[in-house]
Amino acid sequence: TEGFALSPAAATPIEALQALVKAVEARSYEAVSRVLAKGTRETLERDVNDRLAKLRAALGAEIEVTGTRARLRYGSRFRVELVLEDGAWRVADFD
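Residues numbered from 1 in each chain as written. Predicted model: local features only at pLDDT ≥ 70, side-chain atom pairs only at ≥ 80, totals over all residues. Heavy atoms only, no water.

Chemist: Could you clarify how one ought to interpret the overall build of the chain in this entry?
Modeler: For the chain, the helix and strand inventory stands at 3 helices and 4 strands. Put simply, the chain runs from its N terminus to its C terminus through helices and strands in the order α-α-α-β-β-β-β. For 95 residues, the compact-globule estimate of 2.2 N^0.38 gives 12 Å, and the chain exceeds it by more than 25% at 18 Å. Residues counted as buried form 19% of the 95 residues belonging to the chain. Sequence-distant contacts in the chain: of pairs separated by 6 or more residues, those separated by 24 or more amount to 15%. For the chain, the centre of its 15 positive side-chain charges and the centre of its 15 negative side-chain charges are spaced 4 Å apart. (Helix = DSSP H or I, 4+ residues; strand = E, 2+ residues; numbered from the N terminus. Rg over C-alpha atoms; globule rule 2.2 N^0.38 Å. Buried < 20%, exposed > 50% of the residue type's maximum accessible area, 1.4 Å probe, protein only. Contact = heavy atoms within 4.5 Å. Lys, Arg positive; Asp, Glu negative; His and termini not counted. Charge placed at Lys NZ, Arg CZ, Asp CG, Glu CD.)

Chemist: What is the right way to look at the nonpolar core in this model?
Modeler: Side chains of nonpolar character tend, in soluble globular proteins, to be buried together. If you look at the biggest cluster of nonpolar residues, it comprises 8 residues: Leu 55, Ala 58, Ala 70, Leu 72, Tyr 74, Phe 78, Val 80 and Leu 82. Secondary-structure elements contributing two or more residues to this core are α3 (38-58), β2 (69-74) and β3 (78-85). Ala 58 has contacts with Leu 72, Arg 73 and Tyr 74, leaving out every residue within four places of it along the chain. (Core = buried A, V, L, I, M, F, W, Y, C linked by side-chain atoms within 4.5 Å.)

Chemist: Hey, could you run me through the pairing of β2 in this one?
Modeler: Regular strands show a simple pattern: their side chains alternate between the two faces of the sheet. Burial along β2 is one-sided: Ala 70, Leu 72 and Tyr 74 are buried, and none of Arg 69, Arg 71 and Arg 73, which face the opposite way, are. The turn linking strand β1 (residues 64-66) back onto β2 is made up of 2 residues, and Gly 67 within it adopts a positive phi angle of 65 degrees. In this antiparallel pair of consecutive strands, β2 and β3, the connection spans 3 residues, and Gly 75 shows a positive phi of 65 degrees. (Pairing = 2+ DSSP bridges.)

Chemist: Before we go on, may I ask you to explain the pattern of salt bridges in this structure?
Modeler: As enumerated under the stated definition, the model contains 8 salt bridges in all. Linking Glu 64 and Arg 73 is a salt bridge whose minimum nitrogen-to-oxygen distance equals 3.6 Å. Taking relative accessible area as the criterion, Arg 73 reaches 47% and is therefore assigned partly exposed. The salt bridge involving Glu 85 is made with Arg 90; its shortest N-O contact spans 3.4 Å. In this structure, a network of salt bridges that share partners links the residues Arg 71, Arg 79, Glu 81, Asp 93 and Asp 95. (Salt bridge = Lys/Arg side-chain N within 4 Å of Asp/Glu carboxyl O.)

Honestly, that's just the spatial picture; any functional story needs more than this.
So, in structure tokens, the structure goes:
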């Protein structure tokens, strides 16, 4: 988010937690990433990239639509659930 700054290093555990709260409040994925420990950040980024690649590859697959709900299965074990809400399709569950 514009104007959001995170100091490069928290000097205390409470500063790290405060930085996490601010990053989430700002809805800044980049800032949250900077607060995470290196191993946690690398695992999260790897998992997100893997999921994104699988989802991108499945975009041409059949989407099961039942009334106001829809589901796309992707990869061997993942799915996205969608719901028609106020005239627009929205992601309801992403796993």
